Each structure stands twice: as structure tokens, then as C-alpha cells.
Amino acid sequence: MRGGIPICFPQFGNCGSLEQHGFARNKVWAIDDNPQLHPPNDSHGKSFIDLLLKPSEDDLKCWPHSFEFRLRVSLATSGYLTMTSRVRNVNGKPFSFSFAYHTYFLVSDISEVRIEGLETLDYLDNLFERKRFTEQGDAITFESEVSRLYLSSPNVIAVLDHEKKRTYVIRKEGLPDVFVWNPWEKKSKSMVDFGDEEYKQMLCVDGAAIEKPITLKPGEEWTGRLQLSVVPSSFCSEHLDL
Ligand SMILES: O=P(O)(O)OC[C@H]1O[C@@H](O)[C@H](O)[C@@H](O)[C@@H]1O
């Protein structure tokens, strides 16, 4: 069974020497008692938690860069879920990393889903050795495996679920790329923690910074924010500035 929003850091996929998608998603994070920085009004009308990840001795052996990763997860009474990641270099030297919110959306039927906001963009296709293509069609629809990194994407993307008549709205900041993934039938069967038919009810659409890794000098900090909301499909594109 899969779901949620695994944090891919400091590596996305297998593009590097670390475990797939980096180590952050497999760690127990601490509660951050000193979250600093968030503007005081950021907590208004919201429930939130501040989490902190620092590298362990073992992490430093395979990725020798000291960092502090602060994550605020907040849920507003309006239903907005916001995740704010801040990565600070507390190292003596610069380092670079990739990042993604590997967001699993529950959908009624993948064949009835489309993504708006990515049309006409260039993408790197993982199914063709990361070759670069340009999206030609209208909205993105699904009829086979998809594993693509869309580049220089707009900050608002919509995932429309035709059958449920609802739209997931993804707003992002500091995250230029969007990774889109559905394993479809064959790959689903090869994944031990994924049911053979589960690809029909899921879609990953990740706000990400992958193509151009983020580089931080000593003392610098990076922020990447993702905000998710759900609206009825009747409220759509024209309201979202897509
Ligand atoms: O199985 P994982 O490590 O959670 O990753 C899920 C998927 O993540 C996607 O980003 C990759 O393109 C897939 O190849 C991978 O299967």
C-alpha cells in the first residue's frame, strides 16, 4: 500500500549514489521546538506541526553535508494542506540536492483523469532514458505508463477527476518541475507493495526541483512550498489562471 506525500531528498529517483529518492522519506523526524522563521500570521486559522531532520552519522557517511531540514505541515480550516520545506546549509562548503513532494492523489479512475497546466511544456521522459520531448496535446491524459519530468512549469496545476467531478489544485513555490507518474499495469505487477490494479486509483503529481539541483552555500537556506486544495470541477481553469 502506498500513498501520502513522501519527501524525496537529497536525491530524486536513482540519479545519484544514494538510495532511491534519497534518505529523508525513510527517517524518523524530530518535532522542531525552534521553528524560527515562519511569519507569525502563517499559523492563523491552521493546525500545524513543525518537523526537523538533521543527518545521522550514517547519513553523513554517504552524503557528507551537514544540513537542517525544517518541514511545516499545516492544515487550514478551509481544507488547504500546505507543506513548507526549508533546507539550510550548516556545512562549511556548498552542497547541491534534488527535491520532490512525491504526492499520491486518490482518483476514481485514471482513464478519466486529466492534468491541466503542463500542456506545451518540455519534459524528460524516464521511459526513454530521460530524453527531452515537448508536450503537444491539450491536457495530459493517461492510457499507459507515464514517468515524466515536466520542466519550468507554472505555479498552479490542476488534476481533474472527471468521474468524481472534483479537481485537485496544486500551488507551488520554489519548485520549478513537476514529476508525473502512473506505473500502469505491467509495472504495478512488479511492485511488491502495490496491488496489481491499484494504478487505476492513483496518480503522482509532484512539485519538484530536479532538473537543476538546488545549490546552497554555507549559511544559505532554500524554501519549497506546496499547497493542495480540492474544488468541485465546475470551478475550473478560468478561476485558476491556468
Ligand atoms: O517505489 P518508490 O521508490 O517509492 O518509487 C516510486 C516511483 O517513483 C517514481 O518517481 C519513479 O519514476 C518510479 O520508477 C518509482 O517506481
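Above this text sits the structure in question.
Residues numbered from 1 in each chain as written. Predicted model: local features only at pLDDT ≥ 70, side-chain atom pairs only at ≥ 80, totals over all residues. Heavy atoms only, no water.

Turning our eyes to something else, we now look at the sheet that holds strand β4 (residues 67–76). Here 8 strands make up an open sheet; going across it, the order is β2-β3-β4-β5-β16-β13-β12-β8 and the pairing antiparallel. Across the chains shown, the open sheet's two edge strands, defined by having one partner strand only, are β2 (30–31) and β8 (113–116). The pairing of strand β5 (residues 81–89) with strand β16 (residues 221–232) spans 8 bridges and is classified as antiparallel. When the sheet's bridge partners are listed, V87 is paired in β16 with W222. (Pairing = 2+ DSSP bridges. Helix = DSSP H or I, 4+ residues; strand = E, 2+ residues; numbered from the N terminus.)

Per the counting criterion, the structure on display carries 21 aromatic pairs. A ring pair is formed by Y123 and F133, whose centres lie 5.7 Å apart and whose planes are at 25°; its orientation type is stacked. On the criterion of sequence distance, the pair formed by Y123 in strand β9 (residues 122–125) and F133 in strand β10 (residues 131–134) is long-range, its members being 10 residues apart. The class of F133 is partly exposed, set by a relative accessible area of 26%. Linked through ring pairs, F9, F23, W29, W63, F67, F69, F95, F97, F99, Y101 and W222 together constitute an aromatic cluster. In this structure, R72 is placed above the aromatic ring of F48, and the distance from its NZ or CZ to the ring centre is 3.8 Å. (Phe/Tyr/Trp six-rings, centres within 6.5 Å; stacked < 30°, edge-to-face > 60°. Buried < 20%, exposed > 50% of the residue type's maximum accessible area, 1.4 Å probe, protein only. Lys NZ or Arg CZ within 6 Å of the ring centre and 35° of its normal.)

Attention now goes to unusual backbone geometry. Note: most peptide bonds trans; most residues except glycine with negative phi. Of note, the bond from F9 into P10 is cis; its omega dihedral lies within 30 degrees of zero at 0°. Mapping P10 onto the fold places it in the loop between β1 (7–8) and β2. For T120, which is not glycine, the phi dihedral falls at a positive 75°. Along the chain, T120 turns up in the loop between β8 and β9.

So, about the pairing of β9. By the bridge criterion, 4 bridges tie β9 to β10 in an arrangement that is antiparallel. By the bridge assignment, D125 is partnered in β10 with K131. In this antiparallel pair of consecutive strands, β9 and β10, the connection spans 5 residues, and E129 shows a positive phi of 50°. Bridging between β9 and strand β11 (residues 146–150) involves 3 bridges; their strand directions are antiparallel. Looking at the pairing, L124 lines up with L149 of β11.

Below, the discussion takes up the layout of surface pockets. What the largest pocket holds in volume is close to 660 Å³. Together, 32 residues line the largest pocket, and F12, G13, N14, H21 and N126 are the ones closest to its centre. Those elements giving two or more residues to the lining of the largest pocket turn out to be β6 (95–101), β11, β14 (177–182) and β15 (202–216). (1 Å grid on protein atoms, 1.4 Å probe; cavity = no way out; pocket = protein on both sides within 12 Å on 5 of 7 lines; lining within 4 Å. Points joined across faces, edges and corners; volume = space filled by probe spheres on them.)

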